[in-house]
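Take a look at the letters that make up each chain.
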Amino acid sequence: MVLDTPSLYFRAFYGIPESITAPDGSPVNAVRGLIDMIATLVRKHSPAELAATMDADWRPAFRVAAIPTYKAHRVAHGNTEVVPDALVPQIAVIQEVLDALGIARLESAGYEADDVIGTLTHRSGGAVDIVTGDRDLFQLVDDARPVRVLYTARGIRNLQIVDEAFVTAKYGVPGRAYADFATLRGDPSDGLPGVSGVGEKTAAALITRFGSLEALLEALDGGVTDGFPAGSRTRLAAARDYLSAAPAVVKVAHDAPLPAADLALPAKPRDPEALVRLADRYGLDGPLNRLLDVLGG
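In this text, all values refer to a predicted model and were calculated from it rather than measured experimentally. (Residues numbered from 1 in each chain as written. Predicted model: local features only at pLDDT ≥ 70, side-chain atom pairs only at ≥ 80, totals over all residues. Heavy atoms only, no water.)

We now examine the pairing of strand 6 (residues 128-132). The buried fraction of strand 6 amounts to 5 of the 5 residues, a majority that puts the element mostly inside the structure. What you see with strand 6 is no split at all: Val128, Ile130 and Thr132 on one side and Asp129 and Val131 on the other are buried throughout. Looking at chain direction, strand 1 (residues 2-4) and strand 6 are connected through 2 bridges and run parallel. When the sheet's bridge partners are listed, Val2 is paired in strand 6 with Ile130. Bridging between strand 6 and strand 7 (residues 147-151) involves 5 bridges; their strand directions are parallel. Looking across to strand 7, one finds that Val131 is bridged to Leu150. (Buried < 20%, exposed > 50% of the residue type's maximum accessible area, 1.4 Å probe, protein only. Helix = DSSP H or I, 4+ residues; strand = E, 2+ residues; numbered from the N terminus. Pairing = 2+ DSSP bridges.)

In structure tokens form, the structure reads like this:
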């Protein structure tokens, strides 16, 4: 099981009142929420291995170089992301808690959590469950292994199981083609413009007809006119530069450099003393005890 940790702690932050505080009054809603999410996931799915991925760089330079608008609307200043003031200090606490528990926490300089997830999934020879609220990771589903996304849009207790059949039923494309489909459609939440005038239905029709973005561009550059929905060929030609650059942004990396890590689910805390200090300082006894009960069980 691989956790898209930023996706989960943002969800916890917005889903749990900021009135949930530590003894000193500092907010711990995201910390408590994330711990309870992990307990629920481990109890329901019993993974043998668990990895919590982090953003070492939420807006990597290689993606900005390809598409300058990438996440530009979420920049506070410099390369700092807009994050609620009450969440910022909680991220460091989350990292300390994960480390004290002994849950592998992985990041890679110059890459996002998505890329760490892509790399771990690529390296794994067996089944992988990816827990996220980010549709971009649908591109990793693979029924043959299987690789699934446990999608959190409806909440951690009402996860949607996303496999290749889910992607096909919802978007009309094979799961392996989701990244190409998303490139054509665009994603305003990430600052990806897509092809003007090409929505989900046209994007799906194009991918179904040509099989991949690469084959679509070969047909476009080769002067092929058959198979393009009305007006789409002109729109695609106008967006040719975008379509050349966007795959480097949309596709998650499979080769992010990662440190060696023990992904085995910890049966007991790696650093019990540190965990006690964190529990006392931030009032985390309840959620930590629930998680430790699940891990020890």
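Now, onward.
This paragraph deals with empty space enclosed by the protein. Per the counting criterion, the structure on display carries 1 cavity of 30 Å³ or more. Considering only enclosed or pocket space, the largest cavity measures out at about 40 Å³ in volume. Taken together, Val31, Leu34, Ile35, Ile38, Ile94, Val97, Leu98 and Leu101 form the lining of the largest cavity. Across the lining of the largest cavity, the residue classes tally to 8 nonpolar, no polar and no charged. (1 Å grid on protein atoms, 1.4 Å probe; cavity = no way out; pocket = protein on both sides within 12 Å on 5 of 7 lines; lining within 4 Å. Points joined across faces, edges and corners; volume = space filled by probe spheres on them. Nonpolar A, V, L, I, M, F, W, Y, C, P; charged D, E, K, R; others polar.)

The amide bond that connects Arg145 to the next residue, Pro146, takes the cis arrangement and shows omega of -5°. For Pro146, the position within the fold is in the loop between strand 6 and strand 7. One non-glycine residue, Ser46, lies in the positive phi region at around 45°. Overall, Ser46 belongs to the exposed group, its relative accessible area being 57%. In the Ramachandran plot, Lys71 falls in the positive-phi region, its phi being about 55° despite a non-glycine side chain. With respect to the element layout, Lys71 can be found in the loop between helix 3 (61-66) and strand 3 (75-77). Residue classification places Lys71 among the buried residues on the basis of a relative accessible area of 7%.

Further remarks concern helix 8 (residues 200-210). Turning to helix 8, its buried residues number three or more, namely Ala203, Ala204, Leu206, Ile207 and Phe210. For helix 8, the arc enclosing every buried residue in end-on projection is 160°, short of the 170-degree limit, so these residues lie on one face. Looking at helix 8, the residues exposed on the side facing more than 90 degrees away from the buried face are Lys201 and Thr208. Tucked into the core, helix 8 has its buried residues touching helix 6 (164-171), helix 7 (178-185), helix 9 (213-221) and helix 10 (232-238). Remark: Gly211 follows helix 8 within two positions and exhibits a positive phi of approximately 95°. (Arc of directions from axis to C-beta. Contact = heavy atoms within 4.5 Å.)

Membership of the largest hydrophobic core comes to 54 residues, with the highest contact counts inside it found for Phe138, Leu184 and Leu236. Look past the residues within four positions of Leu236 in its chain and what remains in contact with it is Leu184, Val195, Leu206, Leu216, Leu220, Phe228 and Leu243. Ranked by size, the runner-up nonpolar core spans 45 residues in total, among them Ala52, Val83, Leu101 and Leu278. (Core = buried A, V, L, I, M, F, W, Y, C linked by side-chain atoms within 4.5 Å.)

Bringing the environment of Thr152 into the picture now. Counting through the fold element by element, Thr152 comes out in the loop between strand 7 and strand 8 (160-162). In this structure the C-alpha to C-alpha distance between Thr152 and Val131, which are 21 residues apart in sequence, comes to 7.2 Å. Apart from residues lying up to four places away in sequence, Thr152 is in contact with Leu8, Arg11, Val131, Thr132, Gly133 and Leu159. In this structure the side chain of Thr152 is engaged in a polar contact, spanning 3.4 Å, whose partner is the backbone nitrogen of Gly133. (Polar contact = N/O pair within 3.5 Å; in protein donor to acceptor, adjacent residues only side chain to side chain.)

Bringing the side chain of Gln160 into the picture now. Here Gln160 lies in strand 8. The class of Gln160 is buried, set by a relative accessible area of 15%. Ignoring anything within four residues of it in the chain, the contact list for Gln160 reads Val149, Leu150, Tyr151, Ala153, Arg154 and Phe166.

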